[in-house]
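For reference, the chains in residue letters:
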Amino acid sequence: MTIGIMGAMVEEIEPILEYYKEYEIVEYASNKFFIVQNEDKKLVIAYSKIGKVFASITAVTMIEKFGSEKILFSGVAGAINEQLKIGDLIVATKLCQHDVDITAFGHPFGYIPEGKVFIEADKGLIEIAKNVSSDLNIELKDGVIATGDQFIADSAKKEWIKNNFHADALEMEGASVAVVCDSLNIPFLILRAISDSADMDASFSFDEFLKTSAKVSAEFIISMVKKL
Ligand code: OS5
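All of these numbers come straight from a predicted model, not from anything done at the bench.

K.L.:
Looking at this structure, how should I read the packing of aromatic side chains?
P.N.:
What describes a pair of aromatic rings is the distance from one ring centre to the other and the angle between the planes of the rings. For the structure shown, the criterion picks out seven aromatic pairs. Each ring, one from Tyr 23 and one from Phe 34, has its centre 5.3 Å from the other, and the planes form 90°; the classification is edge-to-face. Taken together, the positions of Tyr 23 in the loop between helix H1 (10-20) and strand S2 (24-28) and Phe 34 in strand S3 (residues 31-38) put the pair eleven residues apart, joining distant regions of the chain. Given a relative accessible area of 35%, Tyr 23 falls into the partly exposed group. With relative accessibility at 8%, the residue Phe 34 sits in the buried group. With centroids separated by 6.4 Å and ring planes inclined at 80°, the aromatic side chains of Phe 118 and Phe 165 adopt a geometry described as edge-to-face.

As structure tokens, this is what we get:
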């Protein structure tokens with residue numbers, strides 16, 4: 001089985017590459033893909049670069065060029081739900097694009113004709129994540145993740161996203177990976193560990209906790225791969 005594992009920033013995949021140690025590097029579409037042969041599984045690991053467009057390119061490439069049959073995303077996120085603290089893990093049950101706005105034509109925020117506001121993640125992969133969390137006694141929350149091409153560092157913007165989409169966390173790539181995988185019928189899971197609270201302190205918190213929170217998420221993904 002071929003599994004795609006992606007992050008947006010190098011810090012989000014570095015702990016995974018350090019764990020597997022040996023890989024072949026294939027350069028394609030202005031990106032590097034790290035290929036690991038792990039017993040019976042082939043892993044295709046990459047960081048996309050930040051945002052929905054780069055994440056979409058990477059997800060499509062993992063599927064169409066490298067034959068990934070499942071996609072796992074590992075990274076960090078800003079918390080919306082006040083119960084989510086720095087380092088806490090959240091797996092997306094469904095994802096939306098908070099920056100899509102064609103409301104001038106009477107559509108709801110986040111809606112594109114012939115698309116959907118929310119895309120559900122694969123229930124089987126979420127179930128495996130829950131089993132890993134209980135086996136390892138690691139707390140794993142689930143909830144709605146909102147994605148947009150904006151680093152949110154403003155309580156009013158965060159509140160708007162919370163009220164419109166009932167989102168628990170926000171980031172800049174997950175929903176685009178969801179759109180790609182949903183369109184191509186590929187099961188996917190979006191896992192994030194909290195790096196900040198998307199408020200006025202977000203950039204400082206992000207800089208402080210990017211590496212540690214990214215590692216929390218990456219280590220969980222490594223445990224999940226063993227169960228696939
Ligand atoms: O990938 C982006 C989304 N990530 C999740 C996230 C988030 N998203 C939105 N709002 C928040 N409050 C969020 N908290 C966590 C994280 C990431 C955010 S964008 C960070 C950009 C930081 C940066 N800019 N330049 N560099 C780093 C240096 C650099 C230089 C060369 C190559 C790459 C990076």
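K.L.:
Can you help me understand the pattern of salt bridges in this one?
P.N.:
Close approach of charged atoms allows side chains with opposite charge to pair. What the rule picks out here adds up to eleven salt bridges. One salt bridge connects Asp 135 with Lys 227, and the closest N-O pair in it is separated by 2.7 Å. With Asp 135 in helix H3 (residues 123-136) and Lys 227 in the segment after helix H6 (202-226), this pair connects stretches of sequence that are 92 residues apart. For Lys 227, a relative accessible area of 45% puts it in the partly exposed group.

K.L.:
Help me understand helix H4 (residues 155-165), please; the structure alone is not making it clear to me.
P.N.:
Along H4, the positions that sit buried rather than exposed are Lys 158, Ile 161 and Phe 165. Projection of H4 onto a plane perpendicular to its axis shows the buried side chains occupying an angular sector of 65°, all on one side. Two to three positions downstream of the cap, the backbone nitrogen of Ala 156 sits 2.8 Å from a side-chain oxygen, assigning the N-cap of H4 to Asp 154. Just beyond H4, the residue with positive phi is His 166, at close to 50°.

K.L.:
Please explain the side chain of Ser 68 as it appears in this structure.
P.N.:
On the secondary structure map, Ser 68 appears in the loop between helix H2 (52-64) and strand S5 (70-79). Side-chain polar atoms of Ser 68 contact the backbone oxygen of Met 62, separated by 2.8 Å. Leave out the neighbours within four places in its chain, and Ser 68 touches Thr 2, Ile 3, Gly 4, Val 44, Met 62, Ile 63 and Ile 186.

K.L.:
I keep staring at the nonpolar core and nothing clicks. Help me out?
P.N.:
Buried together is how nonpolar side chains tend to be arranged in soluble globular proteins. Judged by nonpolar contacts, the single largest core of 60 residues is most densely connected at Ile 45, Ile 71, Val 177, Phe 188 and Leu 189. With residues near it in sequence (within four places) discarded, Ile 71 still touches Gly 4, Met 6, Ala 59, Met 62, Ile 63, Val 177, Cys 181, Ile 186, Pro 187, Phe 188 and Leu 189. In this structure, Ile 80, Val 117, Ile 152 and Ala 167 belong to the second largest nonpolar core, which totals eleven residues.

K.L.:
I'm lost on a nonpolar patch on the surface in this one. Help?
P.N.:
Taken together, the side chains of Val 53, Phe 54 and Ile 57 present a nonpolar region at the surface, about 270 Å² in accessible area. Within the secondary structure, Val 53 sits in helix H2.

K.L.:
Please clarify how the site of the ligand should be interpreted in this entry.
P.N.:
Neighbouring residues of the ligand: 18 residues in total, closest Val 76, Ile 152, Leu 170, Glu 173 and Asp 196. Contact distances for the ligand include 3.3 Å between a nitrogen atom and a backbone N or O atom of Gly 78. Note that an oxygen atom of the ligand is positioned 2.7 Å from one of the side-chain N or O atoms of Glu 173. Coverage of the ligand by the protein chains reaches 61% of its 730 Å² of free accessible surface.

K.L.:
Just checking my understanding: could you explain the environment of Val 177 for this structure?
P.N.:
With respect to the secondary-structure elements, Val 177 resides in helix H5 (residues 174-183). By relative accessible area, Val 177 is classed as buried at 0%. In this structure the C-alpha to C-alpha distance between Val 177 and Glu 11, which are 166 residues apart in sequence, comes to 19 Å. Contacts of Val 177, omitting those with residues within four sequence positions, involve Met 6, Ala 55, Ala 59, Ile 71, Phe 73 and Ile 190.

K.L.:
For this particular structure, what's the right way to read the packing of H2 against H5?
P.N.:
The description of two helices packed together rests on the angle between their axes and the distance between the axes. The contact between H2 and H5 brings their axes to 8 Å, and the two run at 35°. In this structure, H2 crosses over H5, and the sense of that crossing is right-handed. Contacts between H2 and H5 involve Lys 52, Ala 55, Ser 56, Ala 59, Val 60 and Ile 63 on the former and, on the latter, Ser 176, Val 177, Val 180 and Cys 181. When the residues that make up the contact of H2 with H5 are grouped by side-chain class, the tally is seven nonpolar, two polar and one charged.

Criteria and cut-off values
- Residues numbered from 1 in each chain as written.
- Predicted model: local features only at pLDDT ≥ 70, side-chain atom pairs only at ≥ 80, totals over all residues.
- Heavy atoms only, no water.
- Phe/Tyr/Trp six-rings, centres within 6.5 Å; stacked < 30°, edge-to-face > 60°.
- Helix = DSSP H or I, 4+ residues; strand = E, 2+ residues; numbered from the N terminus.
- Buried < 20%, exposed > 50% of the residue type's maximum accessible area, 1.4 Å probe, protein only.
- Salt bridge = Lys/Arg side-chain N within 4 Å of Asp/Glu carboxyl O.
- Arc of directions from axis to C-beta.
- Polar contact = N/O pair within 3.5 Å; in protein donor to acceptor, adjacent residues only side chain to side chain.
- Contact = heavy atoms within 4.5 Å.
- Core = buried A, V, L, I, M, F, W, Y, C linked by side-chain atoms within 4.5 Å.
- Patch = residues over 30% accessible without salt bridge, like charges linked within 9 Å, V, L, I, M, F, W, Y side chains within 5 Å.
- Areas by Shrake-Rupley, 256 points an atom, 1.4 Å probe, with all protein chains shown as cover.
- Near = heavy atom within 4 Å.
- Axes fitted to C-alpha atoms, helices over the stretch in contact; angles between N-to-C directions.
- Left-handed = near helix turned anticlockwise from the far one by under 90°.
- Nonpolar A, V, L, I, M, F, W, Y, C, P; charged D, E, K, R; others polar.

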